[in-house]
Each structure stands twice: as C-alpha cells, then as structure tokens.
Amino acid sequence: MSLSFTSSVFQPEHLQLADTEEWILRGGRELFPLLPQAFAGIKQIGVIGWSAQGPAQAQNLRDSLAGSDIKVVVGLREGSPSMASAERVGFSRADGTLGEMDEVIRNSDLVLLLIADAALAMNHEHIFSLLKPGSTLGLSHGFLLGYLQSLGKDFPSNINVIAVCPKGMGASVRRLYEQGSGINASFAVHQDVTGKATDYALAWAVGLGSPVIFQTTLESEYKSDIFGERGILLGAVHGIVESIYRWLVAHGEDPEAAFDETVEAITGPISRTISHDGILAVYEGLDEDGKMAFRHAYSAAYPAARAVLEEIYDEVASGNEIKSVVMAGSRLERYPMATVEGAPMWKVGAAVRAKRDQLHTKVHPVTAGVYVATMMAQVDILKERGHPYSEIVNESIIESVDSLNPYMHFKGVSYMIDNCSTTARLGARKWGPRFDYALNQEVLPVLDSHPMTDEDLIEQFLNNPVHPVLAQCALLRPPIDISVVEVVR
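Just so it is clear, the model here is predicted, and its values are computed rather than measured.

Right, let's get into the sheet that holds strand β10 (residues 212-215). The strands that make up a sheet pair up through hydrogen bonds in the backbone, lying either parallel or antiparallel. A sheet is described by the order of its strands in space; here 10 strands give the open sequence β1-β2-β10-β9-β8-β7-β6-β3-β4-β5, paired in mixed fashion. The open sheet is flanked by β1 (13-17) and β5 (98-100), the only strands paired with a single partner. Each strand of the sheet is rotated relative to its neighbour by a mean of 30°, with strand direction disregarded. As paired elements, strand β9 (residues 185-191) and β10 share 3 bridges and run parallel to each other. If you follow S186 over to β10, its bridge partner there is F214. Running over the sheet, helix α2 (residues 54-64) touches β3 (44-48), β4 (71-76), β6 (110-113) and β8 (160-166) and is turned about 160° from β4.

See below:
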C-alpha cells in the first residue's frame, strides 16, 4: 500500500520502511497553536459516547483547544449514568459542554462517534440523518465501514469521513497526555467533500497529544485492528499463557513458577525486550540450550498459529466477524460476559504479583518461542494482505508490548481484556480458546515427542524485514512508558 498526504497547515515527513514509502506527521504540543487554523470551519466538536475512548478524547481535545473559539461538547443519551462521570471531569449542561446525544450531533461541525461498535451499527441511519451537510464524521475505528460494506451501503455522500485511531486504551491516551507525552495514532481520510478532511484529521490527532501520526485507510485499519485484537493483542496471548501454564504444571512445575514462566515472562522481560531492543533480542538473549528450545517451539507453533490467524483474517475481511459482534448485542443483554480469569492459574497469578519483589522472572524458551512465532505469523499475514508497515508494527507489536501487556502485568488478563471495547472483548473470548486448543493439540505434543527445527522457517524469522522496520518505528514511540493505573469503568 502506497500512501501520501498533503496538508495546508502541517508539514508531513517522509519515512522509508523496508520496501515501502510512507509519510508521517510529528505531533507535539508545539503544534497546538496551529489547531484553530487546521480546524478552520469547525466551531463545535461533538464527542459522542463515554466508554473506552470518549473520556480521554473529550478531555484531551478540550485541554488542547483551551483559549480558542472551538467548543468541545460531550453528547450522551438522556439519562445515561455516564452523565455524572462527564460532569466530574468538568463537562456541564450549564455551560453547554454536555448535552443529549442527538442535539449535540445536530449542532456539531465535527462529530466524533465513540460509542460501542454494535450500537453504531444499529443506530447508524438515525445518526446519519442528524449530521449537517458538509460536516465531518470522525471515527476511532473502522468497524462501521466494515458493517456498511457487509450491507452494500456507504456513508452519506455530503459529509467528510475521517478517522483517528490511538494505539492504546483510552486510559492510556489520557494518562500519557497528562504526563506531558501522548500516545501515537493512525489517521485516515475516507471521504473528503470540503477539501479540509486531511487537516481536520491531523488536527484531531495532534489535539489528542499524539507524538507521531501514521497514515492508513479506514478499511485497512478496521481489518488490522479487529484481526489483531483477536490475535496477539488479546485472544492469542490469553490462549498461549493458559495452555503453556497447564503444560508446565503437568510436567511437574510448581504452579507459581509456571505462572512466572508464562504470564510474567511475556508481560515482563519479553515485552520489555521487544519494546526496547526488538523481537530478535528475545531469541538472542537465551543461552544455547534455550535457543534450541526456542527454535523447536517456534517451528512447531508458527504453522499452527498461522492457520488460526488466517482464518481470523478471512472472517474479518468477509464481514462475518463484524456481523457476529452486532448479533451479540441482544444476547449480551440477557447473558452478560463472564470473567475470563476463572481458571485456577489466574488465582495463582494474584499470589505471584503480590510477591514480585522476591522473584526473578525467567524467560522460558517455549513461552518465548510460541509467543514470538504467533506475533511473527500475524506480521507476515498483514504484510501479505497489503497493510502498511507502520500499521503492522504499531498495531501488532508496539501496541501489544507497550500498551496492552502492561495491563495484564498490572492486574491480570481480565483487567487487560475487559477494559477494551465490546468488540475486542467478544473477539478475545471467541478466539482465545482456539489458540489454546491448537497449542494443546498440535504444538505441545510435538515438543513432548519429537521436537524438530524447521531451518527455513527460522531463517525467515531471523531475516524478516520487520526487524529493522520495528527498530525505526520504536524510535518514534512515546518517550514515556505507559503508567498503568486503576481504570474506573
């Protein structure tokens, strides 16, 4: 995918990633004075919804635009319990910065739709009818486009359609902004009827505090995002740690040691190593026996993980996965999602986290080999399906080790998964067990009986072009690590 963009306000920067040419914008607070110019024609920004991304985006934009004539207004359903939460952080009916959803949509020039994906799908026609001609619809996820495509429909032809997609949870978007940094984001311009859509999208991302803003398309974003969260970001990592934990315990490992060598290893030293030194450093940091065990695990796990991941991608691209999320909406009212940490290992995990200062987490080579093989399979599929390298690296590697794994490290897998969107939560519950099953049936028995190294596969891993690309993109990551704090839903 070859992408380029121009702006009348901001100066894009060329970025060569392996064999692809991309363009980025370096954000930062020094660009805040340019926001009124970039938002020319926008008098009111309506932030609709107060769930995963709404609180962070509304507050960041309000703070970034302080002193300008642009008003940030939160729109919620009448009687929504989130009204009180919005009021606690300074939005108010009295000053017109908090209102009923439909009214806010009607009166806004830029409408940021941050409600749940299923609600977007069910209410899109009503929402479209409220938008002013020539206004701009902003999304932080391409789910709605995928849903419309599955119905053979499109957005209204008289509005701009843009996206800004932060590479992390809403809590991280706000927390890093408060720390004076920010979290990177991608942007897309799907429809430009006024000639200002690119400037609006970039201004939105700058206003959120994003240090670096990468370009993508709305279709590419939703496919990589929904696919990724079912894979290494959430579903796969959940299945991996549960299966390897049980395998270690079955081989006589103490449960606390098994938890330490699976969950703690991935969310601790493996994630830190990938974040700061790259994927290859995980392998290179092992001793010779560890490297051999890693090669065996990688060789067995890559094809098994890739088979599941290719199925996930096909389900997303075909629209089936999107339809399943929409259909789940009514069921969830009767059968709410249960916890994903009911297995005994997660109770062990609470005890391990309580005594971390007494432990020295060891990277088990099988854990490392399986985890890295799954991550690499995801990378390879996205590259083959035409996704830009910046999107691949940010959404399948950096977001995993810098944004999501720290939440599992802090308080467990349920805390990581269940502070994400309903779409992500459903996907993790659906596909996590598939990875668990594949490992138990296809991978771990091989390691027990006749472990072998696929030398061609290992050679492809060692020389994969994603490694230097990750090194480049890692230099663009936020300068402050995410500080995980208690999230109040």
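Still to come is the rest of the account.
Another point: helix α5 (residues 117-130). The first and last C-alpha atoms of α5 sit 18 Å apart over 14 residues, in line with the 20 Å expected at 1.5 Å per residue. Taken as a whole, α5 has its buried residues at D117, A118, L120, A121, H124, I127, F128 and L130. At its buried positions, α5 is contacted by α4 (101-107), β6, β7 (136-139), α6 (143-150), α14 (320-334) and α19 (422-449).

As a further point, take the packing of helix α17 (residues 389-411) against helix α21 (residues 466-474). It is the contact of α17 with α21, at a shortest axis distance of 10 Å, that shows an interaxial angle of 80°. Put simply, α17 runs roughly perpendicular to α21. Only V466, V469, L470, C473 and A474 of α21 make contact with α17, whose side of the interface consists of Y389, S390, V393, I397 and I398. Residues of the contact of α17 with α21, tallied by class, amount to 9 nonpolar, 1 polar and no charged.

Looking now at helix α11 (residues 255-277). Bending of α11 peaks at approximately 65° at the position of A265, with proline P269 no more than four residues after it. Here α11 starts with a cap whose side-chain oxygen sits 3.0 Å from the backbone nitrogen of E256, and that cap is D254. The first or second residue beyond α11 is G278, which carries a positive phi of 100°.

What counts, and at which threshold
- Residues numbered from 1 in each chain as written.
- Predicted model: local features only at pLDDT ≥ 70, side-chain atom pairs only at ≥ 80, totals over all residues.
- Heavy atoms only, no water.
- Pairing = 2+ DSSP bridges.
- Helix = DSSP H or I, 4+ residues; strand = E, 2+ residues; numbered from the N terminus.
- Axes fitted to C-alpha atoms, helices over the stretch in contact; angles between N-to-C directions.
- Contact = heavy atoms within 4.5 Å.
- Expected span 1.5 Å × (residues − 1).
- Buried < 20%, exposed > 50% of the residue type's maximum accessible area, 1.4 Å probe, protein only.
- Parallel < 35°, antiparallel > 145°, perpendicular 65-115°, else oblique.
- Nonpolar A, V, L, I, M, F, W, Y, C, P; charged D, E, K, R; others polar.
- Bend = angle between axes of the 7 residues up to and from the residue.
- Polar contact = N/O pair within 3.5 Å; in protein donor to acceptor, adjacent residues only side chain to side chain.

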